[in-house]
Amino acid sequence: MARFSPGDPVQVQDIRPPGHIRTPLYVRGKTGTIERICGLFANPEELAFGRDGLPLRPLYRVQFEQAELWPDYDGPAGDAVEVEIFEHWLEPAGRNAP
Amino acid sequence: MSHVHDHDHDHTPPADQDGPLSYYQAMEGAVRALLIEKGIVTADEVRAAIEAMDARSPALGAKVVARAWSDRAYKARLLANGTAACEELGIDMGPTRLVVVENQEKLHNVIVCTLCSCYPRMLLGLPPDWYKARAYRSRVVREPRAVLREFGTEIPDGWQIRVHDSTADMRYMVLPRRPEGTDGLDEAALADLVTRDCMVGVALPKAP
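Values in this document were obtained by computation on a predicted structure and should not be read as measured data. (Residues numbered from 1 in each chain as written. Chains lettered and ligands numbered in written order. Predicted model: local features only at pLDDT ≥ 70, side-chain atom pairs only at ≥ 80, totals over all residues.)

**Some details on the overall build of chain B**
Thought 1: The secondary structure content of chain B amounts to eleven helices and four strands.
Thought 2: Compactness check: chain B gives a C-alpha radius of gyration of 21 Å against a globular reference of 17 Å for 208 residues, more than 25% above the reference.
Thought 3: The principal-axis extent of the C-alpha atoms belonging to chain B is close to 75 × 40 × 35 Å.
Thought 4: Pairs at least 24 apart in sequence give 68% of the contacts found in chain B among residues at least 6 apart. (Helix = DSSP H or I, 4+ residues; strand = E, 2+ residues; numbered from the N terminus. Rg over C-alpha atoms; globule rule 2.2 N^0.38 Å. Contact = placed C-beta atoms within 7 Å.)

As structure tokens, this is what we get:
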């Protein structure tokens, strides 16, 4: 069961754990919007060490406005980046935040 | 002992990877040797897998794009489930989960993998060197318009650019817009307009 739905505002955790991490540094701590749910996938942070990666975890595509990622971005508003992020890296943001 | 020069080659061998193996090259060789020794794979299976991957080319993706341009219902299926729609055309997608992103009027898509070099190989073959280079990977998420301009692709300010970073389990292909003036073309002629770079999103297809 996925915790987030398309359109939900989310914030990426700003943490720096060691190991094999598929969440790029440039989105850590940034706020974006769920674009779609990609499905359930084994956790790459576990697979990298030869473990089974279970339980499967929801993977999302999260859309970030360029100006959120790069405060000095000089292109038009509306330019965006979409990144795949696993659920355990995401927290509710904005009006959905507790 | 004298060496008689009657054979047909010159004496400057081509540049090769003559340096010592890197850590990962040595590890890959060791793991491969162990897998073969234990009978888990054969050397011929490894060779055949490399041969099959090298045989893939952007022509596969171009066929998919041409069909989507010609068949509205197919395009809808392609956007809903890229993997299934490619398999419909007989393309072996293996474990690839494909997401097709559609260029629209005033919306341009471009693909990257900032973490490594994830690429829709089953559909486009091996990635070009620039796709794997740190310059492209680090810059296209940061200044996509400048990077596209260097490829000769000018995206007007009134258009949005969406950069797709393939960070985990999905792979991406851009569905370009069908160029104006191509109404009379059949699927084979349309496919000829679709290049690798159009499907990565650093170029736009041009009418013949």
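Read on for the rest.
**Describing the sheet that holds strand E4 (residues 80-86) of chain A**
Thought 1: With mixed pairing, the seven strands of this open sheet are ordered in space as E5(A)-E1(A)-E2(A)-E3(A)-E4(A)-E3(B)-E2(B). Unpaired on one side and paired on the other, strand E5 (90-92) of chain A together with strand E2 (107-112) of chain B mark the two borders of the sheet. Direction aside, neighbouring strands of the sheet carry axes that sit 35° apart on average.
Thought 2: Relative to strand E3 (residues 160-165) of chain B, E2(B) runs parallel, the two being bridged by six bridges. From the neighbouring strand, B:Ile111 faces E3(B), where its bridge partner is B:His164. (Pairing = 2+ DSSP bridges. Axes fitted to C-alpha atoms, helices over the stretch in contact; angles between N-to-C directions.)

**Some thoughts on helix H1 (residues 23-37) of chain B**
Residues and elements named next belong to chain B.
Thought 1: With 15 residues, H1 should reach 21 Å at 1.5 Å per residue; the first-to-last C-alpha distance of 21 Å fits that figure.
Thought 2: Where burial is concerned, little of H1 is hidden: zero out of the 15 residues are buried.
Thought 3: Once H1 finishes, Gly39 follows within two positions and takes phi at roughly 80°, a positive value. (Expected span 1.5 Å × (residues − 1). Buried ≥ 20, exposed ≤ 12 C-beta atoms within 10 Å, placed from the backbone.)

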